[in-house]
Amino acid sequence: MPETKVKKSEDFNEWYNEIVELADLCDKRYPIKGMNIWRPYGWKLMNNVDRLIRDEMIKTNHEEVCFPLLIPESFFKKEEEHIEGFGKEVFWVTHAGINQLEERWLLRPTSETAMYPIFSLWIRSHTDLPLKTFQIVNTFRYETKQTRAFIRVREIHFFEAHTCHVDFEDAERQIKEDKEIAHRLLQKLCLPYVFSKRPEWDKFAGAYYTISIDVLMSSGRTLQIGSIHQYRDNFAKPYEISYETEKGAHAFCHQTTYGMSERLLGALVGVHGDNKGLIIPPEVAPLQVVIIPIIFKGKEKGVLEASETLHKKLLHEGIRSHIDDRETTPGNKYYDWELKGVPLRVEIGPKDVEKNELTMVRRDISKKKSVPLKDAEKAIQAELQALVQTIYANAEKLLNENMHSVLTAEEAKEKTGIVALPWCGNKDCALEIENVLEGNTLGEPIENAVCTDPCPVCGARAKTWMRFAKSY
RNA sequence: GGGCCUGUAGGGUAGCUUGGUCCAUCCUUUUAGCUUUGGGAGCUAGAGACUUGCGUUCAAAUCGCAACAGGCCCA
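Definitions and limits used
Residues numbered from 1 in each chain as written. Chains lettered and ligands numbered in written order. Predicted model: local features only at pLDDT ≥ 70, side-chain atom pairs only at ≥ 80, totals over all residues. Heavy atoms only, no water. Helix = DSSP H or I, 4+ residues; strand = E, 2+ residues; numbered from the N terminus. Rg over C-alpha atoms; globule rule 2.2 N^0.38 Å. Buried < 20%, exposed > 50% of the residue type's maximum accessible area, 1.4 Å probe, protein only. Lys, Arg positive; Asp, Glu negative; His and termini not counted. Charge placed at Lys NZ, Arg CZ, Asp CG, Glu CD. Domains from an automatic or database assignment. Contact = heavy atoms within 4.5 Å. Buried area = accessible area lost by both parts, 1.4 Å probe. Salt bridge = Lys/Arg side-chain N within 4 Å of Asp/Glu carboxyl O. Polar contact = N/O pair within 3.5 Å; in protein donor to acceptor, adjacent residues only side chain to side chain. Nonpolar A, V, L, I, M, F, W, Y, C, P; charged D, E, K, R; others polar. 1 Å grid on protein atoms, 1.4 Å probe; cavity = no way out; pocket = protein on both sides within 12 Å on 5 of 7 lines; lining within 4 Å. Points joined across faces, edges and corners; volume = space filled by probe spheres on them. Near = heavy atom within 4 Å.

Undergrad: I would appreciate a short explanation of the overall build of chain A in the present structure.
TA: The helix and strand inventory of chain A stands at 13 helices and 23 strands. By the compact-globule yardstick of 23 Å for 472 residues, chain A fits well, its C-alpha radius of gyration being 25 Å. Seen through its C-alpha atoms, chain A measures out along the principal axes to roughly 80 × 55 × 50 Å. Split into buried and exposed, the 472 residues of chain A put 54% on the buried side. Mean positive and mean negative side-chain charge positions of chain A (64 and 72 charges, respectively) differ by 4 Å.

Undergrad: Any chance you could explain the domain arrangement of chain A here in plain terms?
TA: For interface size, the figure often reported is the accessible area lost on association. Looking at the assigned domains, one finds that chain A contains domain 1 (12-272), domain 2 (289-383) and domain 3 (403-469). Taking only C-alpha atoms, the centre of domain 1 and the centre of domain 2 are 40 Å apart. Across the contact, 7 residues belong to domain 1 and 4 residues belong to domain 2. In total, about 470 Å² of surface goes out of reach between domain 1 and domain 2, with carbon and sulfur atoms giving 56% of it. On the domain 1 side of the interface with domain 2, the three residues burying the most area are Leu22, Ala23 and Tyr41, jointly 63% of the side's total. For the interface between domain 1 and domain 2, the tally reads 1 salt bridge. One salt bridge connects lysine 340 with aspartate 24, and the closest N-O pair in it is separated by 3.3 Å. Here domain 1 and domain 2 share 2 residue pairs in polar contact (both at pLDDT 80 or more) between them. Every element with two or more residues in the side of domain 1 that touches domain 2 is listed here: α1 (12-22) and α2 (40-59). When residues of the side of domain 1 that touches domain 2 are assigned to their parent elements, the largest contribution, 3 residues, is made by α2. Of the residues belonging to the side of domain 1 that touches domain 2, the class tally is 4 nonpolar, 1 polar and 2 charged.

Undergrad: Explain the layout of surface pockets here, please?
TA: If a probe the size of a water molecule is rolled over the atoms, the empty space left behind becomes visible. Approximately 320 Å³ is the volume attributed to the second largest pocket. Lining the second largest pocket we find 17 residues, and of these Lys8, Val271, His272, Gly273 and Asn394 sit closest to its centre. Those elements that place two or more of their residues in the lining of the second largest pocket are α7 (263-272) and α11 (376-401). Here the lining of the second largest pocket gets 6 residues from one element, more than from any other, and that element is α11. Class assignment for the residues of the lining of the second largest pocket results in 5 nonpolar, 5 polar and 7 charged. Looking at which domains feed residues into the lining of the second largest pocket, each of domain 1 (12-272) and domain 2 (289-383) supplies at least three.

Undergrad: It is not clear to me how the protein's contact with RNA strand B should be interpreted in this structure. Could you clarify?
TA: In the vicinity of RNA strand B, 30 residues are found, and the nearest of them are Arg29, Gln146, Tyr335, Arg345 and Asp352. Residue glutamine 146 places a side-chain N or O atom 2.6 Å away from a phosphate oxygen belonging to RNA strand B. Between RNA strand B and aspartate 352, the relevant distance is 2.6 Å, taken from a base nitrogen to a side-chain nitrogen or oxygen of the residue. Counting residues per element, the ones that place at least two in the surface near RNA strand B are α1, α9 (330-340), β17 (344-348) and α10 (350-355). Ranked by residues supplied to the surface near RNA strand B, first place goes to α9 with 6 residues.

Shown next, in the form of structure tokens:
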């Protein structure tokens, strides 16, 4: 059975690099580092993920906006920590035609500084609040490190929700909602995850606190696929986002943001894929079912008719189906669609037509199964559901088997994946552990974080658990 | 931020050490035609490449420098 040249378990990085192009997600040959081309198949997949996000946003009363790509330097410079965090990685526009600009513009690395001066104009009264907005746009960050398709890029396909609230408590309620949104979304992508509260020195530039959403890739490294930030009034003050209260006083807004990117695709690839290619959860799969007519000379008619009938039925049921009638051998087609991760393949050949059956094969387990044509839609739905459960269970197993809580650095060193250790709250102690484990701090668990064991570095009584992992 | 490696058709490669034998090898791909078709089909005739710039030289895919791009490792 042909498989990828590089096995996922042997060299995850190579496998990943190979698979994203083989599966037609992206084309990495564009000659600017970190700026890849979305191929049609990959873009459909991304759009399906975006659609889920949009649905969630609309369900939770966020409104979609679209701010300009360019930000004047003066807007960008209002919040100091933010500049410090992003200053080194912005692209600048200095010229227009042959003229040098009086004020430089930058390509948004994220949109706070584009939006907030405008929010300040939009928000006058407490009745304007909460303001819940989001946009799905491209952002730009000048990565100097090694780039990697969907995981570290310079042009980022970015979802960002920005909300303004009357006070800290209302912003906290928003964060609770964001966590619920993340949960529902990642369920649909069959991606188990962990929330961690980032340590002070690793939070988003300008935030009061940051909650990261991480998944575990099969390589044992974590991938941060989203973050939720509580800004308190850190941005509202410099950007003067204030409102008049019911009592006629003036107060600053409290803000939150929630961001995700094409890293979600990276996670889908890295978590579910195998040596034959991708396995895409049906919820976002560009094609959920591919029908392959097995054509023999003289018997084409029945086979093609049966395929066409089934295809129409599936479309009618809202199932994304496709008939692969290319003039090539069936085996060729199987390999193709397996690479692309189509969850279910249906074969219809002369023998099937004779028996009024179809043959179906789930992408994750590759076992053939015959079902009567008349029950096709139901059987196909059930099979897709079964695939969802299996790939979720596999991903959950991977995460559970690679999450550990231990008391000493020596024990931690033996473990793979995410390791939690008691932490006294001192930055140096956490950095020392980072050194020993050759990993990074992920953050504290957001629930059941209390820990009273001694800090493995200084011996002081710990305040919380601190998670460490090698990450992308 | 530091170190190491790589760049030849759409993809993968041979040639590079010791410059000339190379209008560049093989596999895949691709076009036309015929025969095929239940796990990567066969035959016939075509198509397609030395990353870019500068330098060394009578002569550069081959040597040197730089840029760009790709990959790996460490902070």
